[in-house]
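What follows is the residue order along each chain.
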Amino acid sequence: MAKVLGTSIKRREDPALVTGRGKYTDDIKLERMAHAAIVRSPYAHAKIRGIDTTAALAAPGVLAAYTAADVAKAGLPGMIPVGWLLPDLKTPAHPMLAIDTVRHVGDAVAVVVAENRYLARDAADLVAVDYDPLGAAVDPKGATAAGAPQVHPEAPGNIAFDWELGDRAKTDAAFAKPAHHVVVDLRNNRLIPHAIEPRSALASFDSSKGELTLTLTTQNPHVHRLLMCLASIGLPETKVRVIAPEVGGGFGSKIHHYADEAITSFCSMQLDRPVKWTATRTETNATDAHGRDHVSKAELALDAAGRILGLRVHTYANLGAYLSTFGPSVPTYLYGTLLSGQYAIPAIHCQVLGVFTHTTPVDAVRGAGRPEATYVVERLLHLAADQLGIDQAELRRRNFIPPDAFPFQTEVALQYDSGNYEPALDRALEMVGYQALRADQAKRRSSGGKQIGLGLSSYIEACGLAPSKVVGSLGAQAGLWESADVRVQPTGGVTVYTGSSPHGQGHETTFSQIVADKLGVPMDQVQIIHGDTGQVQFGMGTYGSRSAAVGGSAIARSADKIIEKGKRIAAHLLEAAAEDIELADGKFSVKGSPDKGVGWGDVALQAYLAHNFPEDLEPGLQAVTFYDPANFTYPFGTHIAVVEIDPEIGQVKLLRYVAVDDVGNVINPMIVDGQIHGGLAQGIGQALWENAVYDETGQLVTASLMDYALPRAHNLVAFELDRTVTPCPHNPLGVKGVGEAGAIASPVAVVNAVMDALSPWGIRHVDMPLSAEKVWRAIREAEAKRAAA
Amino acid sequence: MKHKIELEVNGQKVEREVEPRLLLVHFLREDLGLTGTNVGCETSICGACTVLIDGKAVKSCSQLALQADGTKVTTIEGLAQGSQLHPIQEAFWEKHGLQCGYCTPGMILSAAYLLSHSPRPSKDEIRHALKGNLCRCTGYHNIVEAIEHASHKMSSATS
């Protein structure tokens, strides 16, 4: 049989998607379906004096208008809960409709339901809200200053948490008298995730059964159902079904439980008819959880030979107005724990202040914490190499954790299970033609004009979220296993019910490859069911590069159990002992006599007919696994960006991008490359163009795609990819995860490249995004300073 | 007050009474049930709603249905010949030119317009021709590959 695992098999998802037949949430129409439009705060911070819905209710086609008072009257809990906790975390309430205060532009205040979406929007504009505007805290550092406007009375000074990791005393000692001390202030710019499909919810309540079916743009329908039932809508999980149909991208934004789906469900429950809500792009920009927004001071201590002695970082992490689902975990567990990078660093200390501001909540966006950590580590490495006059590649090489040191216990809680960093660095240098580019750079520096820069990023990530024990030991109070229920049908077809819920990753294809490889059945006989709490018992969903490593491993484990049961049935059919049965190419036979055997069809049919089974053999052929990984997985690699700077106008042009990644074993190379490509585009976008901007009153200036610059095809280049393969030692597939690698490694590769190009001007650092204006100003300032000296 | 429009959508004659403010994309999606045309931004930036009007790529979120009166509209549903995919659809599948698929109908129709007036574009021309279509999943790498691949297949089929 042809090899299926490790092969670029075309996606089975695609025929529906290239012909427009894929059904996304907003494509679905139900009988008697009404439309909701949500009235949102235009102010970052205000008291609500009153809400008058009279005019809205009188408008044509309007069925209802609701405020927080109606939620209270209906007796719903009406809250949006946080999903992950930290020690001493402040958890102020987040009502699904604002009760007396709005805390960010876009905060939901009221909802109008009408016969169609046009009429709903018309009427929403007629809801009169009497606001008393107040001052806003916007910047995470500024929000902690004395006298800053307060977001929640429960969190004095706007501090949600003060979190530390690593050994402070040991780290301070490393900084006591180092030969070299590198210091930099960094701002990791705020991102808006921008899945191209806006969020949407279609709630259908049936009062005769008391049941709610919610079709939702979600990366994790079970998590959404759980949070909704825990705190929002007052229904038990047995009465709620959440379905993820086609989901048009997520990048983190569709993990989180938002007020909007609770509001839409509430409307449907009140009216006893289906209600749909679909965000406009301006709504998504103001309400999809944003990403990053760190203000950090980062320091590196090195000895005279360029060996790292210690790393110290202090970060203000903007959490926005409320704690979003995973909000507190991102700048802590997924950030501080990654600060050792690929390096043997003997002392690390990290302090993070999680800060409430009057801005959109901040949560996981592709990479989630790990790009921020990589940015700190690799910016420091770049600056250190410059400061010490050591080549960029050489300084990294000197400090890499050596291949024989694994498993390697870092100073920041994680134990890296495997790694081999130099081959990826070497391959990246070879692919980019490092020496030749350095020679070209030297020539250009002496001749003037456009300059080139090379930026390295030797990154690590912790994927496969999340080993329950490890995150539990850090105080998370929740693990992140995954489930897989594999059922062999009576005619030999295989149905897999997985808790991983895709939104573009191609799970139906790759998971089929796993099963086909394990069982030896043709791929087209494997069916993958996902994204429906009515069909899949439970699941944690797709994010954190976890679907292959955790969801796929759960499927592989279930397939192993199926094989064991299959052997027992085959042994019965072949009148042999189960230990003498082997499975090859989909056929069970007795060892030594491969001619005589039975296939999955025979075994499966007998499993269900089961009229003459021995007493110790149960009918049926099904296996369930709840797979909790032993550790994170640790993909790594080296990326190199090559940029050209036009000093006259400050324009940065990306010339080339080389990425050598080690994501462990690969199920489908074409899909893995596609994941890297997409991550790179987002990370390069962050470095050069993307930026969520608030003014000092808390207005979101980048509220639409007219103002927020997403990368376009002509801004990017053909990416040059390669891989090294260091399999994950602790999961059954040896896979590590690939969804976020590109977004983690690339921002700092690009920034380092631009800073490399600017080094003749003595420019050390410019914050992202590196717009032409910022680069131009940095060059002019440097030249003015030089002229004055 | 509603106005009558007559147009051809995917080769079928369509006659409807529409409100003057009805956007073409909503007419296609909600009145005709052609939900392959997606809405991503409603400011004509993202291009998910791209359709062909009289052969030209147009953003249907920024056109009124009334403006399409008397035209021939092609949506993603009208591209394949029965079960036979259009070469651009084939190429997107073969080259992994899509992930979540949301931008894909618009991308494919923009590509169809490009190839209708420039049958053998360079990669650079392809990238520039896609400036009105945003994709957040693929980094465009495989979309460019797919369109180039389609252009080779289509021009070798006609030559």
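As shown above, the structure is provided for reference.
Everything in this summary refers to the structure shown in the same document. (Residues numbered from 1 in each chain as written. Chains lettered and ligands numbered in written order. Predicted model: local features only at pLDDT ≥ 70, side-chain atom pairs only at ≥ 80, totals over all residues.)

Here's the deal with the overall build of chain A
Next up, step 1: Across its full length, chain A holds 19 helices and 28 strands.
Next up, step 2: A compact globule built from 789 residues should have a C-alpha radius of gyration of about 28 Å, and chain A, at 28 Å, falls within 12% of that.
Next up, step 3: For chain A, the proportion of its 789 residues judged to be buried stands at 60%.
Next up, step 4: Look at the contacts in chain A between residues 6 or more apart in sequence, and 81% of them connect residues 24 or more apart. (Helix = DSSP H or I, 4+ residues; strand = E, 2+ residues; numbered from the N terminus. Rg over C-alpha atoms; globule rule 2.2 N^0.38 Å. Buried ≥ 20, exposed ≤ 12 C-beta atoms within 10 Å, placed from the backbone. Contact = placed C-beta atoms within 7 Å.)

Side note on the overall build of chain B
Next up, step 1: Along chain B, the regular secondary structure elements total five helices and five strands.
Next up, step 2: Listing the helices and strands of chain B from first to last along the sequence gives β-β-α-β-β-β-α-α-α-α.
Next up, step 3: Scaling as 2.2 N^0.38, a compact globule of 159 residues should have a C-alpha radius of gyration of about 15 Å, and chain B matches this with 16 Å.
Next up, step 4: Buried residues in chain B amount to 55% of all 159 residues.

A closer look at the interface of chain A and chain B
Next up, step 1: Across the contact, 43 residues belong to chain A and 43 residues belong to chain B.
Next up, step 2: Of the residues forming the side of chain A that touches chain B, the biggest block, seven residues, is contributed by helix 17 (residues 669-688) of chain A.
Next up, step 3: Classifying every residue of the side of chain A that touches chain B by side-chain character gives 20 nonpolar, 15 polar and eight charged. (Nonpolar A, V, L, I, M, F, W, Y, C, P; charged D, E, K, R; others polar.)

Some details on the pairing of strand 2 (residues 46-52) of chain A
Residue and element names in this part refer to chain A.
Next up, step 1: Pairing of strand 2 with strand 4 (residues 101-102), which is carried by two bridges, proceeds in the antiparallel orientation. Paired with A46 across the two strands is V102, which belongs to strand 4.
Next up, step 2: In terms of strand pairing, strand 2 meets strand 6 (residues 128-133) through six bridges, oriented antiparallel. Of the residues in strand 6, the one forming a bridge with K47 is D132. (Pairing = 2+ DSSP bridges.)

A few points about the packing of helix 2 (residues 87-94) of chain B against helix 3 (residues 104-117) of chain B
All names here are of chain B.
Next up, step 1: Between helix 2 and helix 3, whose axes approach to 10 Å, the crossing angle comes to 125°. Considered as vectors, helix 2 and helix 3 are oriented oblique to each other. Judged by the twist between their axes, the crossing of helix 2 over helix 3 is right-handed. Between helix 2 and helix 3, the contacting residues are I88, Q89 and F92 on the first element and T104, I108, A111 and A112 on the second. (Axes fitted to C-alpha atoms, helices over the stretch in contact; angles between N-to-C directions. Parallel < 35°, antiparallel > 145°, perpendicular 65-115°, else oblique. Left-handed = near helix turned anticlockwise from the far one by under 90°.)

Some words on the environment of L456(A)
Residue and element names in this part refer to chain A.
Next up, step 1: Structurally, L456 is set in strand 18 (residues 451-460).
Next up, step 2: Between the C-alpha atom of L456 and that of G472, which follows or precedes it by 16 residues, the distance is 34 Å.
Next up, step 3: Apart from the residues lying within four places of it in its own chain, the contact partners of L456 are Q392, A393, R396, T638, I640, A749 and N752.

Things to note about the nonpolar core
All names here are of chain A.
Next up, step 1: Counting residues in each nonpolar core, the largest one holds 310 residues, and the members touching the most others are V111, V112 and V754.
Next up, step 2: For this core, the element with the most residues is helix 18 (residues 741-758), which contributes 13 residues.
Next up, step 3: Ignoring sequence-local partners within four residues, the contact set of V111 consists of A36, I38, V39, A65, Y66, I263 and C267. (Core = buried A, V, L, I, M, F, W, Y, C linked by C-beta atoms within 7 Å.)

Description of the sheet that holds strand 12 (residues 275-278) of chain A
All names here are of chain A.
Next up, step 1: An order of 3-5-1-12-9-10-11 is seen for the seven strands of this open sheet, with the pairing classed as mixed. On the outer flanks of this sheet lie strand 3 (62-67) and strand 11 (240-243), each paired with one strand and no other. In this sheet, neighbouring strand axes are inclined to one another by 20° on average, regardless of whether the strands run parallel or antiparallel.
Next up, step 2: In this sheet, strand 12 lies alongside strand 9 (residues 200-206) in antiparallel orientation, the contact comprising four bridges. When the sheet's bridge partners are listed, A201 is paired in strand 12 with W277.

Here's the deal with helix 2 of chain B
Residues and elements named next belong to chain B.
Next up, step 1: Among the eight residues of helix 2, six are classified as buried, and the element is accordingly described as predominantly covered.
Next up, step 2: Buried within helix 2 we find P87, I88, Q89, A91, F92 and W93.
Next up, step 3: Following helix 2 by one or two positions, H96 adopts a phi angle in the positive range, close to 55°.

Structural notes on the sheet that holds strand 2 of chain A
Next up, step 1: Read from one edge of the open sheet, three strands run 4-2-6 (chain A), paired in antiparallel fashion. At either margin of the open sheet sits one strand with a lone partner, and together these are strand 4 and strand 6 of chain A.

Overview of helix 3 of chain B
All names here are of chain B.
Next up, step 1: Between its terminal C-alpha atoms helix 3 stretches 20 Å, which fits the 20 Å expected from 14 residues at 1.5 Å a residue.
Next up, step 2: The element helix 3 is extensively covered by neighbouring structure, given that 11 of its 14 residues are classed as buried.
Next up, step 3: Buried within helix 3 are the following residues: T104, P105, G106, M107, I108, L109, S110, A111, A112, L114 and L115. (Expected span 1.5 Å × (residues − 1).)

Quick notes on unusual backbone geometry
Residue and element names in this part refer to chain A.
Next up, step 1: A cis amide bond links F406 with the next residue in sequence, P407, at an omega value of 0°.
Next up, step 2: With respect to the helices and strands, the residue P407 is situated in the loop between helix 10 (392-399) and strand 16 (408-409).
Next up, step 3: The peptide bond linking M768 to P769 adopts the cis configuration, its omega dihedral lying at -10°.
Next up, step 4: Of note, N158 is a non-glycine position whose phi angle comes to about 65°, a positive value.
Next up, step 5: Position of N158 among the secondary structure elements: in the loop between strand 6 and strand 7 (159-166).
Next up, step 6: What makes N158 buried here is the crowd of 25 C-beta atoms within 10 Å.

With respect to the environment of P614(A)
Next up, step 1: Checked against the element boundaries, P614(A) lands in the loop between helix 16 (600-609) and strand 25 (622-627).
Next up, step 2: Along the sequence, P614(A) and I569(A) sit 45 residues apart, while their C-alpha atoms lie 9.6 Å from each other.

Some words on the environment of G742(A)
Residues and elements named next belong to chain A.
Next up, step 1: The residue G742 is located in helix 18 in this model.
Next up, step 2: Its 29 C-beta neighbours within 10 Å are what place G742 among the buried residues.
Next up, step 3: Here the alpha-carbon distance between G742 and Y634, two residues 108 residues apart in the chain, equals 14 Å.
Next up, step 4: Discounting residues that sit within four places of it in the chain, G742 has contacts with A659, I676, H677, G678, G679, L680 and G683.

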